[in-house]
Amino acid sequence: MKNIEGDNMTELTKKKYIYIPWSEKREDFIKQYGEIKGDEETIAKKWNELENSTLLFLYLIATYL
Amino acid sequence: MTKSPEELFGERCQRLIDVRNLKEPDYTPFYLLAEEWSVYYHGKYNVGEVHYDYTKCGEIAEHLVRTIPQDAWGGPQYIWPGPVLDAIGSNTYKIPGRDLDPKLQQQFPQDKEYMTPEEYPEFIDDPFAFLVEKGIPRRHSALEKSPRKEIAFAKGALAFNEWWTYVGSLVVKIIQEYGIPPVVQGLCASSPLGVIEDHLRTFPGICLDIKRYPEEVKAACDALVPVLVKLSEFVYEKPTPFPYIFIPLHIGQFLRPKDFEEIYWPSFKKLAETLIKDGYTPHYYAEAKWTPYIEFLAELPKGSVWIFEDVDFEKVDKICDNLCFGGTLTTDLLRYGTKEKVISEAKAQMEKFGPRGGFVLTANKDLMDPNDAKYENVVALAKFINEEYRR
Amino acid sequence: MVDKISELMSDLEEKEVLEEVRKEIEKGTDPIKILDSLKEGMLLIGELWKKGEYFVPEVIMGAEISRQIMELLKPELESSSTKVPVKGSIVIGTVRGDIHNIGKNLAIALIQAAGYGVVDLGVDVPPKVFVEKVKEIKPDVVGLSGLLTLAIESMKETIEGFKEAGLRDQLKIIIGGPFLTKNYCEYVGADAFTHSATEGIEKIRGWIGE
């Protein structure tokens, strides 16, 4: 995925606005929603996808919905 | 010998990149942004059912592209899924099956102001913070207070993730099996003024603001540009001129030219210039009447696509050699014309504007209602283009 | 007759015109006379809209000023013994399924300024509500408004409803919406269509008279 590090809006979103636990507390998330199965690369890819779609979701509900 | 989906896909993408670059393509691209219209055309489901079970989009999409082959299609994003909106307690859109008769299309009533004029300074200072910290809880009732908002956001984000993954897989399926790319991938809510109008102040509200606080409104628009650049580009892995970025326009076309120039245009132009410079293509849907503003559009750099509902196309052709335009097929023609008339008009339009390079053959509206276009007219047109005109 | 109030109004001088209205009320000026100035101001705005000097935001500003003046005048009009004269009556509403009202509301502001009586049924109005109202007040004109194409079938159904109730011949029906064409107008069975309130008023003037 595109490198979104060091970008103001994204950093702000991840630090301040994503209240869900899976940005930082992945163990809690896994307890609640279940494990994402697969090798390390697959898991990393899935977390990345989820994080990106969550960011998109936030941007959309802020500006479009 | 029929071509493979892969070959067709390659040709179609090239066509749509060529017109964006104002280079005459092998054939004039033909596409219709068939939204809810495709649901009625398919005939099996109500629109409301699709809002609550978006997996129905698959068979609706396949029916559309199979019977109306075109160079690109609109994607399933004509719905905002009910479960996503319900999870966050969102009432900004009225959706069939929940707020409206399930046979109708979703509507955006703008019946409430979500920002007061007194808040302009705060918005100007940090528009993203304002949109997230104040706009979101005001517009989506389940995101107002903790602890409900954390749970509601998580639910909504997971539901959205499922939907977004589905959209991706359906787009890939249509590419792999039919060789048809999506017209748009990026989503931009509107022009800067359009976003403030649609989602914070309402149409009457922003009209009064323009009269009462013109400097604040302009400053608010200018401040919003980086946020909209980010929104538009976010869905792409890397810069690409195609698929395009969808940008519906709702307010500029109602302003008198003086206000258009001073308040609306600077931030609009900045957003367009940035997106184009970054390697993308803004694809504008310009509703209502745009003839008074054609001279402004001529200022934009090469690389935008404009679908007009109502404009003097000859004037656009003459003055704007910097943009690609479409919208010459009116819903009046598509709904009430005979098949023969639709075909002959389309042919005349392609012959007239095709050579300029920057021209796409499409309707002047996103097709939402059965009365926007008669099915048999559209089928006949697609057949003519694919089987006769392009031979 | 153009006077200070109507001129300030057509110049969209919000604070100044409200101040002027307050002054006139304090002086004891007949509220009907002030109302006439308001209407004149609104008509001037309509003319500027028609000429292409004013666009929709200016008309919305005018309607907002009008609303504020009416608020100031309301207590005066209520206590005044003179009844506000209206000529003709029009029933207007956005048809079933469509929830948009801005165009309709601007049209009503101009139609009222022109001196016609208007009954506004709101938005998403089912055909039978139109029919019942028409039976009740026997208007001269019915205006059916819609922003989206989905309004077409509702417009058709509403007009069918008038026919079934034996009311169609007593009415002039005008449909308003940005996508309308002669074809759509014929399809639904209306007498006229319009994209703008100023055009619509011309039609209404033709039917009801000055």
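Every value quoted in this text rests on a predicted model; they were computed, and no experiment measured them.

On a plain count of helices and strands, chain C comes out with nine helices and five strands. Along the chain direction, N to C, the helices and strands of chain C fall in the order α-α-α-α-β-α-β-α-β-α-β-α-β-α. For 210 residues, the compact-globule formula gives about 17 Å, and the C-alpha radius of gyration of chain C, at 18 Å, lands near that figure. Projected onto its principal axes, the C-alpha positions of chain C cover 55 × 40 × 30 Å. Counting only contacts in chain C whose residues sit at least 6 apart along the sequence, the fraction spanning at least 24 positions is 75%.

Okay, the overall build of chain A next. Looking only at helices and strands, chain A has three helices and zero strands in total. In sequence order, chain A lays out its α and β elements as α-α-α. Every one of the 65 residues in chain A was classed for burial, and the buried ones make up 25%.

Turning our attention to the interface of chain C and chain B. Listed by partner, the interface residues are 21 residues for chain C and 24 residues for chain B. Those elements that place two or more of their residues in the side of chain C that touches chain B are helix H4 (56-79) and helix H7 (151-164) of chain C. Per-element accounting of the side of chain C that touches chain B gives the leading share, six residues, to H4 of chain C. In the side of chain C that touches chain B, the residues fall into 14 nonpolar, four polar and three charged.

Mean pLDDT over chain C works out to 94, with 100% of the residues at or above the 70 mark. Listed scores for the predicted complex are pTM 0.93 and ipTM 0.94.

Looking now at the domain arrangement of chain C. Residues and elements named next belong to chain C. Along its sequence, chain C is organised into domain 1 (4-79) and domain 2 (87-208). Taking the mean C-alpha position of each, domain 1 and domain 2 sit 26 Å from one another. For the side of domain 1 that touches domain 2, the secondary structure elements donating two or more residues are helix H3 (31-51) and H4. No other element matches H3, which puts six residues into the side of domain 1 that touches domain 2.

With the exception of glycine, the majority of residues adopt a negative phi angle, and the majority of peptide bonds are in the trans configuration. Cis geometry marks the peptide bond from Ser146 of chain B to Pro147 of chain B; its omega dihedral reads -5°. Mapped onto the elements of the fold, Pro147 of chain B is located in the loop between helix H7 (127-139) and helix H8 (148-178). Omega for the peptide link from Phe242 of chain B to Pro243 of chain B comes to 0°, which places this bond in the cis form. Although it is not a glycine, Thr202 of chain B adopts a positive phi angle of roughly 70°. Note that Thr202 of chain B resides in the loop between helix H9 (192-201) and helix H10 (203-212). Look at Thr202 of chain B and you get buried, because 20 C-beta atoms sit within 10 Å. For Asp124 of chain C, which is not glycine, the phi torsion reads 50° and is therefore positive. Residue classification places Asp124 of chain C among the buried positions, given that 21 C-beta atoms sit within 10 Å.

All names here are of chain B. On the basis of which strands lie adjacent, the open sheet formed by five strands has the order S1-S2-S3-S4-S5 and parallel pairing. In this open sheet, the two edge strands, each paired with only one partner strand, are strand S1 (184-187) and strand S5 (323-326). Taken pair by pair, the neighbouring strands of this sheet meet at an average axis angle of 35°, ignoring direction. By the bridge criterion, five bridges tie strand S2 (residues 244-249) to strand S3 (residues 282-289) in an arrangement that is parallel. Residue pairing across strands places Ile245 opposite Pro282, the latter belonging to S3.

Listed per partner, the contact involves 30 residues of chain B and 18 residues of chain A. Of all elements in the fold, only H7, H8, H9 and helix H11 (214-233) of chain B reach the threshold of two or more residues within the side of chain B that touches chain A. When residues of the side of chain B that touches chain A are assigned to their parent elements, the largest contribution, nine residues, is made by H8 of chain B. Residue classes in the side of chain B that touches chain A are distributed as 18 nonpolar, seven polar and five charged.

Counting residues in hydrophobic clusters, the biggest one holds 190 residues, and the most contacted among them are Leu224 and Trp306 of chain B together with Leu110, Met155, Ile175 and Ala190 of chain C. Per-element accounting of this core gives the leading share, 11 residues, to H8 of chain B. When residues are assigned to domains, this core turns out to be shared by domain 1 (4-79) and domain 2 (87-208) of chain C, each giving three or more. Excluding residues within four positions of it along the chain, Met155 of chain C makes contact with Val95, Leu144, Gly146, Ile175, Val188 and Ala190 of chain C.

Turning to the confidence of the model for chain A, a few remarks are in order. All names here are of chain A. In this model, chain A carries an average pLDDT of 68, and 43% of its residues clear a pLDDT of 70 or more. Across chain A, the secondary-structure element scoring lowest on mean pLDDT is helix H2 (residues 26-33), at 57, and the one scoring highest is helix H3 (residues 40-63), at 86. In this model, residues 1-6 is a region of pLDDT below 50 whose contacts with residues beyond four sequence positions or in other chains number six contacts.

We now examine the sheet that holds strand S4 (residues 172-176) of chain C. Residues and elements named next belong to chain C. The strand order across the open sheet built from five strands is S2-S1-S3-S4-S5, with neighbouring strands paired in parallel fashion. The strands lining the two open edges of the sheet, one partner per strand, are strand S2 (116-120) and strand S5 (192-194). Mean inter-strand twist for the sheet, computed between neighbouring axes without regard to direction, equals 25°. Bridge count for S4 against S5 is three bridges, and the pairing is parallel. Note that in S5 the partner of Gly176 across the bridge is Thr194.

All names here are of chain B. Following both chains from N to C, one finds helix H16 (residues 339-353) and helix H17 (residues 375-389) inclined at 50°, their axes separated by 9 Å at the closest point. On the basis of their axis angle, the class for H16 and H17 is oblique. The element H16 and its partner H17 pack so that their crossing is right-handed. Counted together, Lys339, Val342, Ile343, Ala346 and Lys347 of H16 and Glu376, Asn377, Ala380, Leu381, Phe384 and Tyr389 of H17 form the full contact between these two elements. Per-class residue counts for the contact of H16 with H17 are seven nonpolar, one polar and three charged.

Let us now look at the pairing of strand S1 (residues 87-94) of chain C. All names here are of chain C. Two elements, S1 and S2, share five bridges in a ladder whose sense is parallel. Paired with Val91 across the strands is Val119, a residue of S2. Examined bridge by bridge, S1 and strand S3 (residues 141-145) share five bridges and lie parallel to one another. Across the sheet, the residue bridging to Ile90 is Val141, located in S3.

Residue and element names in this part refer to chain B. Look at H16: 21 Å from first C-alpha to last across 15 residues, which is about the 21 Å you get at 1.5 Å a residue. Those residues of H16 lying buried are Val342, Ala346, Met350 and Phe353. Projected down its long axis, H16 shows its buried positions confined to an angular sector of 95°, all on one face. Along H16, exposed side chains directed more than 90 degrees from the buried face belong to Glu340, Ala348 and Glu351. Buried residues belonging to H16 abut helix H14 (313-319), helix H15 (331-336) and H17.

Rules and cut-offs
- Residues numbered from 1 in each chain as written.
- Chains lettered and ligands numbered in written order.
- Predicted model: local features only at pLDDT ≥ 70, side-chain atom pairs only at ≥ 80, totals over all residues.
- Helix = DSSP H or I, 4+ residues; strand = E, 2+ residues; numbered from the N terminus.
- Rg over C-alpha atoms; globule rule 2.2 N^0.38 Å.
- Contact = placed C-beta atoms within 7 Å.
- Buried ≥ 20, exposed ≤ 12 C-beta atoms within 10 Å, placed from the backbone.
- Nonpolar A, V, L, I, M, F, W, Y, C, P; charged D, E, K, R; others polar.
- pLDDT = per-residue confidence, 0-100.
- Domains from an automatic or database assignment.
- Pairing = 2+ DSSP bridges.
- Axes fitted to C-alpha atoms, helices over the stretch in contact; angles between N-to-C directions.
- Core = buried A, V, L, I, M, F, W, Y, C linked by C-beta atoms within 7 Å.
- Parallel < 35°, antiparallel > 145°, perpendicular 65-115°, else oblique.
- Left-handed = near helix turned anticlockwise from the far one by under 90°.
- Expected span 1.5 Å × (residues − 1).
- Arc of directions from axis to C-beta.

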